[in-house]
Amino acid sequence: MPATPLTVAVTRRLPEPVETRLAELFDVRLSESDVPLARSDLAALMADTDVLVPTLGDRIDAALLSGAGERLRLIANYGAGVDHIDVATARTRGITVSNTPGVLAEDTADMAMALILGVTRRLKEGVTLMQSDAWQGWSPMALMGHRVGGMRLGILGMGQTGRAVARRATAFGMSVHYHTRRRLRPETEEELGARFWESLDQMLARIDVLSVNVPHTPATFHLLNARRLKLMKPTAFVVNTSRGEVIDENALTRALRAGELAGAGLDVFEHGTSVNPRLKDLPNVLLLPHMGSATEEGRLEMGEKVLINIKTFADGHRPPDLVVPGML
């Protein structure tokens with residue numbers, strides 16, 4: 001007799017081709033809504049399924065995992081970041097965790113470059129002017145921004161996304177500097193034209209734009225705190241497309257309001273959708289609703305990785321994108 005297909009519960013709406021393929025392969029429970037599940041509903045799903053497919057908005061902590069049913073054996077995360085999942089507790093309970101790495105670097109780098117251009121060239125102020133019907137025509141002194149060519153870009157985190165940002169920045173004539181946990185090979189540095197700084201503090205004091213491209217871990221929480229932000233030049237810009245928790249948002253807001261930084265472009269925020277209202281009011285801050293990976297191509301590739309991870313697990317093998325605590 002054929003084996004009974006795994007029961008797979010999905011917490012959010014996914015692209016239609018991904019949902020269709022999940023339904024063809026497994027006994028799937030799809031979400032009818034595109035809003036985060038209540039904690040009680042998430043707990044109910046975890047109590048009665050073999051595989052859970054969560055997203056960034058689903059915080060799966062030790063308490064939820066302790067109430068998970070005996071059936072739950074795989075959490076196939078739809079996304080690369082897993083800081084919303086207590087991976088260590090899942091592992092102790094015999095629950096495998098997988099993710100979808102390596103498919104969003106180019107899309108996120110595109111957005112980082114868009115924010116760099118947007119905040120240095122004052123696009124937010126220009127759009128606001130046009131939408132308010134206050135534009136009186138071209139003026140030699142109106143909305144003058146800064147040329148990115150010749151600027152020093154500091155990249156914090158030189159993984160796939162950081163390297164993709166470096167390639168784009170070089171094409172725009174920026175010089176690339178970087179700080180990362182593991183220095184790149186000399187041939188990679190030469191290819192990217194990137195200069196390594198062992199000291200983050202020293203790099204911050206010398207750059208014109210900072211692009212944040214590190215994951216949220218205990219080691220990176222508030223890595224950019226008030227002290228480090230004060231090291232940056234008052235003419236410098238901060239761009240973040242990785243995780244909001246890496247920057248002390250209140251300290252960043254104070255620095256921007258005090259004129260200690262020239263501007264910021266942010267796609268992620270420390271407290272999720274709860275953004276500091278004083279940050280929203282600043283004309284030199286360009287805010288986006290976590291759009292960095294929002295391309296049709298990227299979302300489909302994420303879904304394909306989820307499918308492969310679940311299918312491999314169902315066949316009795318280790319998922320290719322297995323997450324273990326030592327990776328974090």
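Residues numbered from 1 in each chain as written. Predicted model: local features only at pLDDT ≥ 70, side-chain atom pairs only at ≥ 80, totals over all residues. Heavy atoms only, no water.

The protein goes by D-glycerate dehydrogenase in an unreviewed UniProt entry, where it is assigned to Pontivivens ytuae. Under the heading Sequence similarities (unreviewed entry), UniProt records this for the protein: "Belongs to the D-isomer specific 2-hydroxyacid dehydrogenase family." (UniProt positions renumbered as here; feature names shortened; annotations may be inferred.)

Here the UniProt feature "domain: D-isomer specific 2-hydroxyacid dehydrogenase catalytic" (unreviewed entry) sits at residues 8-323. Between the C-alpha atoms that bound residues 8-323 the distance is 19 Å, and the span itself is 37% helix and 14% strand. (Helix = DSSP H or I, 4+ residues; strand = E, 2+ residues; numbered from the N terminus.)

Where helix α1 (residues 16-25) meets helix α13 (residues 296-314), the closest approach of the two axes is 9 Å, and the angle between their N-to-C directions is 15°. Here α13 runs roughly parallel to α1, going by the angle between their axes. Crossing of α1 over α13 shows right-handed handedness. Of the residues in α13, those in contact with Pro17, Val18, Arg21, Leu22 and Leu25 of α1 are Leu300, Gly303, Leu307, Ile310 and Lys311. Partitioned by chemical class, the residues of the contact of α1 with α13 number 7 nonpolar, 1 polar and 2 charged. (Axes fitted to C-alpha atoms, helices over the stretch in contact; angles between N-to-C directions. Parallel < 35°, antiparallel > 145°, perpendicular 65-115°, else oblique. Left-handed = near helix turned anticlockwise from the far one by under 90°. Contact = heavy atoms within 4.5 Å. Nonpolar A, V, L, I, M, F, W, Y, C, P; charged D, E, K, R; others polar.)

Before going further, it helps to examine the packing of helix α5 (residues 105-120) against helix α7 (residues 160-171). Packed helices, taken two at a time, are described by the angle between their axes plus the distance between the axes. As a packed pair, α5 and α7 sit with axes 8 Å apart at the nearest point and diverge in direction by 50°. As summarised for this structure, α5 and α7 are arranged oblique, according to the angle between their axes. Relative to α7, α5 is oriented so that their crossing is right-handed. For the pair α5 and α7, the contacting residues are Ala105, Glu106, Thr108, Ala109, Asp110, Ala112 and Met113 in the first and Gln160, Thr161, Ala164, Val165, Arg167, Arg168 and Ala169 in the second. Looking at the contact of α5 with α7 residue by residue, the class counts come to 7 nonpolar, 3 polar and 4 charged.

Because side chains alternate across strand β11 (residues 263-266), one face comprises the buried residues Gly263 and Gly265, and the other comprises Ala264 and Leu266, equally buried. Judged from the 4 bridges that link them, strand β10 (residues 237-240) and β11 form a sheet pairing that is parallel. Each residue of the ladder has a partner; that of Val238, found in β11, is Ala264. With helix α11 (residues 249-257) bridging β10 and its parallel neighbour β11, the resulting β-α-β unit is right-handed. Here β11 runs beside strand β12 (residues 285-287); their pairing, made up of 3 bridges, is parallel. When the sheet's bridge partners are listed, Ala264 is paired in β12 with Val285. (Buried < 20%, exposed > 50% of the residue type's maximum accessible area, 1.4 Å probe, protein only. Pairing = 2+ DSSP bridges. Right-handed = clockwise from strand over helix to strand, strands pointing away.)

On to the pairing of strand β6 (residues 152-156), then. Among the 5 residues that make up β6, 4 are buried, leaving the element largely enclosed by the rest of the structure. Examined bridge by bridge, β6 and strand β7 (residues 175-179) share 5 bridges and lie parallel to one another. Bridge pairing in β7 links Leu156 to His179. Following the chain from β6 across α7 to the adjacent parallel β7, one finds a crossover that is right-handed. Of the strand pairs in this sheet, β6 and strand β9 (residues 209-212) are connected by 4 bridges, and their pairing is parallel.

Here the focus is the environment of Val239. Residue placement: Val239 occurs in strand β10. Since its relative accessible area comes to 0%, Val239 is described here as buried. Apart from residues lying up to four places away in sequence, Val239 is in contact with Ala112, Leu115, Ile116, Val119, Leu210, Ser211, Val212 and Gly265.

Okay, the UniProt feature "domain: D-isomer specific 2-hydroxyacid dehydrogenase NAD-binding" (unreviewed entry) in the protein next. In this structure's numbering, the residues bearing the UniProt feature "domain: D-isomer specific 2-hydroxyacid dehydrogenase NAD-binding" (unreviewed entry) are residues 113-292. Helix and strand shares over residues 113-292 are 33% and 16% respectively, and the end C-alpha atoms of the span are 10 Å apart.

Along its 12 residues, α7 runs 17 Å from first to last C-alpha, staying within 8% of the 16 Å computed at 1.5 Å per residue. Residues of α7 that are buried include every one of Thr161, Gly162, Ala164, Val165, Ala166, Arg168 and Ala169, and no others. On the buried face of α7, the contacting elements are α5, β6, β7, α8 (186-192) and β9. Note on α7: the residue one or two positions beyond its end, Gly173, has a positive phi of about 85°. (Expected span 1.5 Å × (residues − 1).)

The subject of this paragraph is a negative patch on the surface. Taken together, Glu296, Glu297, Glu301 and Glu304 make up a surface patch of like negative charges. Along the chain, Glu301 falls in helix α13. (Patch = residues over 30% accessible without salt bridge, like charges linked within 9 Å, V, L, I, M, F, W, Y side chains within 5 Å. Areas by Shrake-Rupley, 256 points an atom, 1.4 Å probe, with all protein chains shown as cover. Salt bridge = Lys/Arg side-chain N within 4 Å of Asp/Glu carboxyl O. Lys, Arg positive; Asp, Glu negative; His and termini not counted. Charge placed at Lys NZ, Arg CZ, Asp CG, Glu CD.)

Right, let's talk about helix α2 (residues 39-46) for a bit. Buried residues of α2: Leu42, Leu45 and Met46, and no others. Buried residues of α2 fall within an arc of 95° about the axis and therefore sit on the same side. In this fold, the buried residues of α2 make contact with β1 (7-10), β3 (51-53) and α3 (62-66). (Arc of directions from axis to C-beta.)

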